[in-house]
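# Analysis of the macromolecular model
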Amino acid sequence: MASLSTSSLCITTLLLLVVSWATSASARNFYQDFDITWGDGRAQILNNGDLLSLSLDKASGSGFQSKNEYLFGKIDMQLKLVPGNSAGTVTAYYLSSNGSTWDEIDYEFLGNLSGDPYILHTNVFSQGKGNREQQFYLWFDPTADFHTYSILWNPQRIIFSVDGTPIREFKNAESIGVPFPKAQPMRIFSSLWNADDWATRGGLVKTDWTQAPFTASYRNFNADNACVWSSGSSSCTSSTSSSSDGNAWLSEELDSTSQERLKWVQSNYMIYNYCTDAKRFSQGFPPECSMS
């Protein structure tokens with residue numbers, strides 16, 4: 001009887017070990033996915049890899065980048081931004097390739113004086129050309145808690161979303177001569193840095209270094225639905241069906257509900273749109289601005 005109990009105990013222990021190993025193997029963390037690239041200790045991975053923080057003081061900011069490169073993906077990250085008087089600071093979170101004709105998909109969070117709203121600045125570069133800025137206020141305090149900032153990037157469109165609400169869509173307009181990011185793999189980058197020459201009211205409000213160090217935090221990175229680029233090939237093979245459940249994002253577009261939410265954000269919270277800046281584009285708007 002004793003041997004049977006011992007045997008049962010061994011089996012139970014083994015099962016628990018297997019479950020524990022499977023859980024830890026499937027859970028992603030910042031140690032696995034990212035490298036701290038600069039900041040001389042100002043960037044830290046904490047809580048066994050569940051949390052990453054960037055900080056900025058008068059001497060330096062800090063930053064990190066993904067170990068993987070991606071060519072298309074649905075990528076989520078939760079951020080909690082610098083609280084209090086963040087004027088002059090910029091928290092940048094973006095995808096970018098290398099070279100002089102790089103592609104880039106940008107979120108930049110422009111700090112402000114206490115009580116004033118953050119400005120969320122977005123941009124899309126293709127083949128080294130940007131100048132496609134749209135800026136927004138947010139409908140919540142992005143410093144009080146974590147919120148999810150997402151990029152859906154597939155061959156047809158790029159969609160920026162905040163907590164699941166789309167705020168911007170950049171469609172593939174190659175048919176009218178607009179380059180679209182689709183051939184260059186991109187890494188994820190993030191940095192916290194001083195940009196008080198332009199970030200807050202065009203550089204009128206400077207960084208108050210008595211408030212330093214400034215800190216932004218990151219958690220719950222998810223790139224499960226993304227094509228990892230490695231050694232010249234993609235983890236999404238040509239036989240991958242975009243219609244299958246796991247890869248529906250490769251052909252995802254905004255449904256009618258999401259289109260209404262996008263219009264709500266742009267009607268109520270958009271504060272700058274390059275496609276309506278007639279002074280800047282006095283010779284005519286960029287061709288993609290004519291697309292619905």
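Here, the structure is the one placed above.
We now turn to the structure provided with this report. Every value quoted in this text rests on a predicted model; they were computed, and no experiment measured them. (Residues numbered from 1 in each chain as written. Predicted model: local features only at pLDDT ≥ 70, side-chain atom pairs only at ≥ 80, totals over all residues. Heavy atoms only, no water.)

With that settled, the discussion passes to the pairing of strand 3 (residues 51–56). Buried residues dominate strand 3, accounting for 6 of its 6 residues. Neither face of strand 3 is exposed, since L51, S53 and S55 on one face and L52, L54 and L56 on the opposite face are all buried. The sheet contact formed by strand 2 (residues 44–46) and strand 3 spans 3 bridges and is antiparallel. The residue of strand 3 that forms the bridge with L46 is L51. Two successive antiparallel strands, strand 2 and strand 3, enclose a turn made up of 4 residues, where N47 displays a positive phi of approximately 50°. Sheet analysis places strand 3 next to strand 14 (residues 214–230), joined by 6 bridges and oriented antiparallel. Residue pairing in the sheet places L56 in a bridge with F214 of strand 14. (Buried < 20%, exposed > 50% of the residue type's maximum accessible area, 1.4 Å probe, protein only. Helix = DSSP H or I, 4+ residues; strand = E, 2+ residues; numbered from the N terminus. Pairing = 2+ DSSP bridges.)

The next subject is the packing of aromatic side chains. Applying the stated criterion to the full structure yields 21 aromatic pairs. An aromatic cluster is defined as three or more aromatic residues linked by ring pairs; in this entry it consists of F30, F34, F64, Y218 and F221. (Phe/Tyr/Trp six-rings, centres within 6.5 Å; stacked < 30°, edge-to-face > 60°.)

Time to look at the nonpolar core. Grouped together as the largest cluster of nonpolar side chains are 59 residues, with contacts concentrated most on M77, Y107, W153, I158, Y218 and F221. With 7 residues, strand 14 is the largest single contributor of residues to this core. Here I158 is in contact with I105, V124, I151, L152, W153, R168, E169, F170, F180 and P181, once residues within four sequence places are set aside. Within the second largest apolar cluster, 5 residues are counted, among which are V90, L110, I119 and A199. (Core = buried A, V, L, I, M, F, W, Y, C linked by side-chain atoms within 4.5 Å. Contact = heavy atoms within 4.5 Å.)

It is worth spelling out the state of the cysteines at this point. Applying the stated criterion to the full structure yields 2 disulfides. What pairs with C227 in a disulfide is C236, and their sulfur atoms sit 2.0 Å apart. Taking the torsion about the S-S bond as the criterion, the C227 to C236 disulfide, at about -95°, is left-handed. Comparing C227 with C236 shows no difference in burial state: the two are buried. Across the disulfide, C275 is cross-linked to C289 (sulfur-sulfur distance 1.9 Å). Given an S-S torsion of about -80°, the disulfide between C275 and C289 has left-handed geometry. Placement of the pair is C275 in the segment after strand 16 (270–273) and C289 in the segment after strand 16, with a sequence separation of 14 residues. Residue classification places C275 among the buried residues on the basis of a relative accessible area of 18%. Judged by its relative accessible area of 22%, C289 falls in the partly exposed class. For the chain, the disulfide bridges join cysteines in the arrangement 1-2, 3-4, where the cysteines are counted in sequence order. (Disulfide = S-S within 2.5 Å.)

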